[in-house]
Amino acid sequence: MADNQIFCEKCDKPAVYLDREQGIHLCRNHLKESVEDEVRRYLKTIRLPETLGVAFSGGKDSTALLKVLSEIRSELPCRIIALTVDEGIEGYRQDTIKAATETCLILGIPHEIIRFQDLYGYSLDHLVSGSERNACTICGILRRRALEVLAQKCSISMIATGHNQDDHAQTALMNAISGDVNKVFTGYGSSSWYAQRIKPFVCVSEKEVTLYALLNGLFRDLPECPYAVSSLRGEVRTLLYQYEKNHPGAMRNAAQCEENIRAKLGGTYQQEAYKTCSICGWPGSGIICQVCMVLGKDTHLNPMTKEK
């Protein structure tokens, strides 16, 4: 046995992971147990509905989340449905949709898919072709609406996303940069209009999530979205990773700071009342919602007409 072999802090098996913040080494079994326990702790703070939707792209984060939920599903008071949005990105989405479908079959999780092409009449590639508009911004607006349409179809009032601690820290910093306080609270409260969002991986690092997927044989080397390179998130990610390298725990602190703000002020913070979009009937911040603005103010959105 090699002299430099490092072992798990909790048993005598070889370590596969080092938590730099706590200085703890874990073997494959204890790493998997640690991730699942973090999700258990998080879900105990949530009042779960009869059906929990999981935003499932087919990538490593959402795949790892679906695997965790399938492992602990006997402990949960709800059934699980995977929800996938196909934005229509050539050379990228075909592979991830295939991976998502295969994973759901392996785990025995019901799977629903909705396509931009069917809902909006256009793929994302078509919408951004020849345009200087930011593809990630457009995609985010349209994907959120598509997910809500799918959630309504499946009678889902709560959606779990695979955002990990690193993602959460990046979002917190992006919210601070934009100065938009509303973004801190959007999706976290109950609403008769939109499904509530929860993030079971909020205390699990990206490295832990990736290892969890690898150790469970569910990690796939999939292509990266071709539009991601131009996003603000990419710049913020690079900045935070460098800071985390020099100051272990910075990522966790950034993510936890926003969680603390939400916990302390969420019950008292008053967001502006939704207005009904004059074109599609969905609620938004103005008389014309962001989706209709992205697609064109005179676009007829019959497939998305809101019924309340």
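How each quantity is defined
Every chain is numbered on its own, with residues counted from 1 as its sequence reads. In view of the model being predicted, local features appear only for residues whose pLDDT reaches at least 70, and side-chain atom pairs are presented and counted only at 80 or more, with totals across whole chains, interfaces and linings using the full set of residues. In computing side-chain properties, one takes all heavy atoms of the structure into account and sets aside hydrogens as well as water. Numbered from the N terminus, helices here are DSSP runs of H or I no shorter than four residues, and strands are runs of E no shorter than two. Contacts are assigned to residue pairs with any non-hydrogen atoms lying within 4.5 Å of each other. Surface accessibility in these figures is a Shrake-Rupley result with a 1.4 Å probe; residues are shielded only by whichever protein chains are displayed. Whenever a helix is involved, its axis is fitted only over the stretch in contact; in every case the axis is a line through C-alpha atoms, and angles between N-to-C directions fall within 0 to 180 degrees. Crossings are sorted by hand: turned counterclockwise from the far helix by less than a right angle, the near helix makes the crossing left-handed, and turned clockwise it makes it right-handed. As a working rule, the residues Ala, Val, Leu, Ile, Met, Phe, Trp, Tyr, Cys and Pro are called nonpolar, Asp, Glu, Lys and Arg charged, and the rest polar, with Gly in that last group. Burial here depends on accessible area, computed with a 1.4 Å probe over protein chains only, as a share of the maximum for the residue type. Under 20% is buried, over 50% is exposed, and the range in between is partly exposed. Any two strands with at least two DSSP-identified bridges between them are counted as paired.

S.K.: What should I look at first to understand the overall build of the protein in this one?
M.R.: If you tally the helices and strands in the protein, you get 12 helices and 9 strands. Taking the intrachain contacts of the protein between residues at least 6 apart in sequence as the baseline, contacts between residues at least 24 apart amount to 73%. For the protein, the computed accessible surface area is about 16300 Å², with 50% contributed by carbon and sulfur atoms.

S.K.: Would you take a moment to explain the packing of helix H7 (residues 165-178) against helix H11 (residues 250-265) for this structure?
M.R.: Each pair of packed helices gets described by two things: the angle between the helix axes and the distance between those axes. As a packed pair, H7 and H11 sit with axes 8 Å apart at the nearest point and diverge in direction by 65 degrees. With respect to the hand of their crossing, H7 and H11 are arranged in left-handed fashion. On H11, the residues touching Gln-165, Asp-166, His-168, Ala-169, Thr-171, Ala-172 and Asn-175 of H7 are Met-251, Arg-252, Ala-254, Ala-255, Glu-258, Glu-259 and Arg-262. Taken together, the residues of the contact of H7 with H11 sort by class into 5 nonpolar, 4 polar and 5 charged.

S.K.: Which parts of the structure should I look at to understand the environment of Tyr-212?
M.R.: Within the fold, Tyr-212 resides in helix H9 (residues 206-215). Separated by 178 residues in the primary sequence, Tyr-212 and Ser-34 place their C-alpha atoms 9.8 Å from one another.

S.K.: Is there a simple way to think about the pairing of strand S4 (residues 79-86) in this case?
M.R.: On any regular strand, side chains alternate: one points to one face of the sheet, the next to the other face. Counting buried residues along S4, 7 of its 8 residues qualify, which places the element largely inside the surrounding structure. Looking at chain direction, strand S3 (residues 51-55) and S4 are connected through 5 bridges and run parallel. When the bridges of S4 are listed, Gly-53 appears paired with Ile-81. Relative to strand S5 (residues 111-115), S4 runs parallel, the two being bridged by 5 bridges. Looking at the pairing, Ala-82 lines up with His-111 of S5.

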